[in-house]
Number of protein chains: 2
Amino acid sequence: MKLALDAMGGDNAPQINIDGAKEALQHVDALDKLYMVGDEALLKRLCDAAGFGGSPRLEIVHAPEVVGMDESGLVAVRQKKHSSMSIAVDLVKDGVCDAVLSAGNTGAEVAACTIKLRLLEGVERAGIVSPIPNNRNYVLVSDTGANPDAKPSHLVGYAVMSALMARYIYNIPEPKVAVMSNGTEDCKGCEFSKEAHRLLRHLADANLLPFQFIGNREGHDLFDSDMDVALTDGFTGNILLKSVEATAITFARWIKDGIKKHPMAMVGALGMRGVFRSIGDRLNADSVGGCPLMGVRGVSIIAHGSANPRAILNATRMAEGMCRHSVNDRIIAAMAPINEELRRLAEEESVV
Amino acid sequence: MKLALDAMGGDNAPQINIDGAKEALQHVDALDKLYMVGDEALLKRLCDAAGFGGSPRLEIVHAPEVVGMDESGLVAVRQKKHSSMSIAVDLVKDGVCDAVLSAGNTGAEVAACTIKLRLLEGVERAGIVSPIPNNRNYVLVSDTGANPDAKPSHLVGYAVMSALMARYIYNIPEPKVAVMSNGTEDCKGCEFSKEAHRLLRHLADANLLPFQFIGNREGHDLFDSDMDVALTDGFTGNILLKSVEATAITFARWIKDGIKKHPMAMVGALGMRGVFRSIGDRLNADSVGGCPLMGVRGVSIIAHGSANPRAILNATRMAEGMCRHSVNDRIIAAMAPINEELRRLAEEESVV
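Now for a look at the structure at hand. Everything numeric in this text was worked out from a predicted model, so none of it was measured.

**Some details on the pattern of salt bridges**
Then comes step 1: A complete count under the given rule lists 32 salt bridges over all chains for this structure.
Then comes step 2: Between Lys33 of chain A and Glu59 of chain A there is a salt bridge whose closest N-O contact spans 3.5 Å. With Lys33 of chain A in strand S2 (residues 33–38) and Glu59 of chain A in strand S3 (residues 58–62), the pair connects residues that are 26 residues apart, well separated along the chain.
Then comes step 3: Looking at Glu59 of chain A, the relative accessible area reads 34%, which means it is partly exposed.
Then comes step 4: Across the pair Arg324 of chain B and Glu320 of chain B runs a salt bridge, and its minimum N-O distance is 3.0 Å. Taken together, the positions of Arg324 of chain B and Glu320 of chain B, both in helix H12 (residues 309–324) and four residues apart, correspond to about one turn of that helix.
Then comes step 5: Judged by relative accessible area, which is 54%, Arg324 of chain B ranks as exposed.
Then comes step 6: Via salt bridges that share partners, Asp90, Lys93 and Lys116 of chain A belong to a single interconnected network.

Set out below in structure tokens:
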């Protein structure tokens, strides 16, 4: 695999990308070449300092501009054609790289990938798939923000893409896919989710889905149910994901504040260090590494703005898995008969 | 205040309602009369056993049917006209009571109140307001499930109702109200949230809002921002609320599981008991008591299915506060000029 790394992306760039790249080169054998994109002189100096500047698997690609974390995504893509992010995406577009990874501005990466790479054959909209750790493994929530005004049929594409990710990246042989709703009963939902549910049920009955469709699930089912993939529009999914993150952060903060206030609790916390560490590790976004933007031509992984080197390493592993298992080709193959049936259904219903 | 209590509603009914009623009669002086609705003979026996069967402030009203926790709300309202829930709501409809309280089937209570009590003058849709404890106080999320297919203008009503609740129940003199979105910038959102944002901004500029409109906020802002009221449609709000609950429950469970596994952690947990207890108390839904269904004629409080007597007491206090401060009259008064301006705006825009 050849990876383009936006070395200037992220709150602590470029250093975390340097350190992450070093780990990725060390631990990911299938990483044939790493293209580090950004300020050439700076990156050269930092890679040399980190001891891998002379690696034959490293190539530094100059980019004179940087997309800020708070810039409008679309504006950044249009105006900063020579940003590290833009040039990293171009490397995939031009066939030099298989995958692009950035811890930079999410909106800009979504815009850059969607505009430059374009959509996979048979995919209507790209979507971000966010793995949330739960009691069994991970539940993959999709879309978490690429497409706030989703149509019901977009959820069919998200279902296929997320299920194939669950199978090939998280080793779940037959992923269980649900539509997020305000209740688990079939009758629950808004018009949008009910129509998505109906389409998925129809395709499941026609035996066209590469996963098991299990109907509706609700917020209470995120951590403790049979659901491997949670489908929703990018507006609700983004609010869901950030609310879950905020709750976990707040819970941890309240515990820390309580410990600081009470000497007895401070002693107790010492005994509980191992428990807190293991939960922290389980919840840590760096263990996941990044969230793929699925549905574009090429592999695109979006890492958290506060990603650390371990996140860059794990995101590289995710990109490598997506390439090795040809997940995109599998998406195209799965979508063809599904789209045919959806077209047939639409025609049938327009006649009635 | 005269309160109708659905004594048969809730996972642990009727006993928790008996115990809750006893506490409410003891601690809420303004509770002039409590109408307990359910199986008369059973309730009489239980109230006698609890020692307040002879209270002149208690009246037991017979209801031969019970709405199950898993029944369809609409079907239950139509078919079980003699359920404890239905008769409790009728007591408000007929002017015997000021407020109704139930820990029963939420869908059925929303349906019963909406159908029987009807909407307040100037209110387009009823909404559930759910207080979530945060770093400062509470953030009131509305709507959390009454209206999954909300229109942008419905959020204006939710804003007014929730802000008046924030002022009179949570003593926040000038509540700050935000639209939940997938980012805080004004440009972020789906079509629905952007239009709600536009209407609220217009009304704020016209000085017609009884609160401060602060624009968009995102999931990360739930616990640690200036937001007192978070507006969203009932579909997204329900998923948000349940996801937050599920995260807190899972976090607590992971800590408990970790403690059980490690002897050192078990000793540590003893020292941390006070911290865990204070967080548990802060998060406990029973401290809030219930969530009002706002926008109907009368006061309706929906308690959690697993409510305990303390929840019933606190929900009674909430109902009493809503009555004492005439929150419904204030909603009607605030909505009149707002609706006039929204009509004027719609006409102006239809001409253009």
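**A look at the relation of the copies chain B and chain A**
Then comes step 1: Laying chain B over chain A is done by rotating through 180° and shifting 0.0 Å along the axis; what remains is an RMSD of 0.0 Å. Here the symmetry operator amounts to a two-fold rotation axis. Residues of chain B ranked by C-alpha distance from the rotation axis are headed by Gly268 of chain B, positioned 1.8 Å from it.
Then comes step 2: Most of the interface of chain B is mirrored in chain A, where 100% of its interface residues are also at the interface.

**Structural notes on the sheet that holds strand S11 (residues 299–302) of chain A**
All names here are of chain A.
Then comes step 1: What the eleven strands build is an open sheet, ordered S3-S2-S1-S4-S11-S10-S5-S6-S9-S7-S8; its pairing is mixed. Of all the strands in the sheet, the pair left with one neighbour each is S3 and strand S8 (212–217). Put simply, the sheet's adjacent strands are angled 25° from each other on average, direction ignored.
Then comes step 2: Here strand S6 (residues 138–142) runs beside strand S9 (residues 229–231); their pairing, made up of three bridges, is parallel. Each residue of the ladder has a partner; that of Val141, found in S9, is Ala230.

**Here's the deal with the side chain of Glu109 of chain B**
Residues and elements named next belong to chain B.
Then comes step 1: On the secondary structure map, Glu109 appears in helix H5 (residues 106–117).
Then comes step 2: Comment: no salt bridge for buried Glu109; closest opposite-charge side chain is Lys116, at 12 Å.
Then comes step 3: With sequence-adjacent residues up to four places away left out, Glu109 is seen in contact with Met85, Val100, Ser102, Ser300, Ile301 and Ile302.

**Side note on the packing of helix H10 (residues 273–283) of chain A against helix H8 (residues 234–261) of chain B**
Then comes step 1: In the contact formed by H10 of chain A and H8 of chain B, the axes pass within 9 Å of each other and the chain directions differ by 140°. In this view, H10 of chain A runs oblique relative to H8 of chain B, as classed from their interaxial angle. The chirality of how H10 of chain A crosses H8 of chain B is right-handed. The residues of H8 of chain B that touch H10 of chain A, namely those facing Val275, Phe276, Ile279, Arg282 and Leu283 of chain A, are Phe251, Trp254, Ile255, Gly258 and Ile259 of chain B.
Then comes step 2: Here the contact of H10 of chain A with H8 of chain B is composed, by residue class, of eight nonpolar, one polar and one charged.

**Thoughts on the interface of chain B and chain A**
Then comes step 1: Of the residues lining the interface, 53 residues belong to chain B; the matching set on chain A comes to 53 residues.
Then comes step 2: Approximately 4700 Å² of surface area, both sides summed, lies buried where chain B meets chain A, with 71% of it carried by carbon and sulfur atoms.
Then comes step 3: If you sort the residues of chain B by the area they bury against chain A, Phe235, Phe251 and Trp254 of chain B come out on top, with a joint share of 17%.
Then comes step 4: Counting the contacts that link chain B with chain A gives four salt bridges.
Then comes step 5: Residue Arg253 of chain A is joined to Asp224 of chain B by a salt bridge in which the shortest nitrogen-to-oxygen separation is 3.1 Å.
Then comes step 6: In this structure, the connection of chain B to chain A is made through eleven residue pairs in polar contact (both at pLDDT 80 or more).
Then comes step 7: Elements with a contribution of two residues or more to the side of chain B that touches chain A: helix H7 (191–205), H8, helix H9 (263–271) and helix H10 (273–283) of chain B.
Then comes step 8: With 20 residues, the top contributor of residues to the side of chain B that touches chain A is H8 of chain B.
Then comes step 9: Looking at the side of chain B that touches chain A residue by residue, the class counts come to 25 nonpolar, 19 polar and nine charged.

**Some remarks on unusual backbone geometry**
Then comes step 1: Each neighbour pair has its own omega, and for Ala13 of chain A with Pro14 of chain A the value is -5°, a cis peptide bond.
Then comes step 2: Here Pro14 of chain A is to be found in the loop between strand S1 (2–6) and helix H1 (15–27).
Then comes step 3: Each neighbour pair has its own omega, and for Ser142 of chain B with Asp143 of chain B the value is 0°, a cis peptide bond.
Then comes step 4: Mapped onto the elements, Asp143 of chain B comes out in the loop between strand S6 (138–142) and helix H6 (152–169).
Then comes step 5: Its identity is not glycine, yet Asn171 of chain A carries a phi of approximately 55°, on the positive side.
Then comes step 6: If you trace the backbone, Asn171 of chain A turns up in the loop between helix H6 (152–169) and strand S7 (176–180).
Then comes step 7: A positive phi angle is found at Asn207 of chain B, which is not glycine, with a value near 60°.
Then comes step 8: Mapped onto the elements of the fold, Asn207 of chain B is located in the loop between H7 and strand S8 (212–217).

Criteria and thresholds
- Residues numbered from 1 in each chain as written.
- Chains lettered and ligands numbered in written order.
- Predicted model: local features only at pLDDT ≥ 70, side-chain atom pairs only at ≥ 80, totals over all residues.
- Heavy atoms only, no water.
- Salt bridge = Lys/Arg side-chain N within 4 Å of Asp/Glu carboxyl O.
- Helix = DSSP H or I, 4+ residues; strand = E, 2+ residues; numbered from the N terminus.
- Buried < 20%, exposed > 50% of the residue type's maximum accessible area, 1.4 Å probe, protein only.
- Least-squares fit on C-alpha atoms with pLDDT ≥ 70 in both.
- Contact = heavy atoms within 4.5 Å.
- Pairing = 2+ DSSP bridges.
- Axes fitted to C-alpha atoms, helices over the stretch in contact; angles between N-to-C directions.
- Lys, Arg positive; Asp, Glu negative; His and termini not counted.
- Parallel < 35°, antiparallel > 145°, perpendicular 65-115°, else oblique.
- Left-handed = near helix turned anticlockwise from the far one by under 90°.
- Nonpolar A, V, L, I, M, F, W, Y, C, P; charged D, E, K, R; others polar.
- Buried area = accessible area lost by both parts, 1.4 Å probe.
- Polar contact = N/O pair within 3.5 Å; in protein donor to acceptor, adjacent residues only side chain to side chain.

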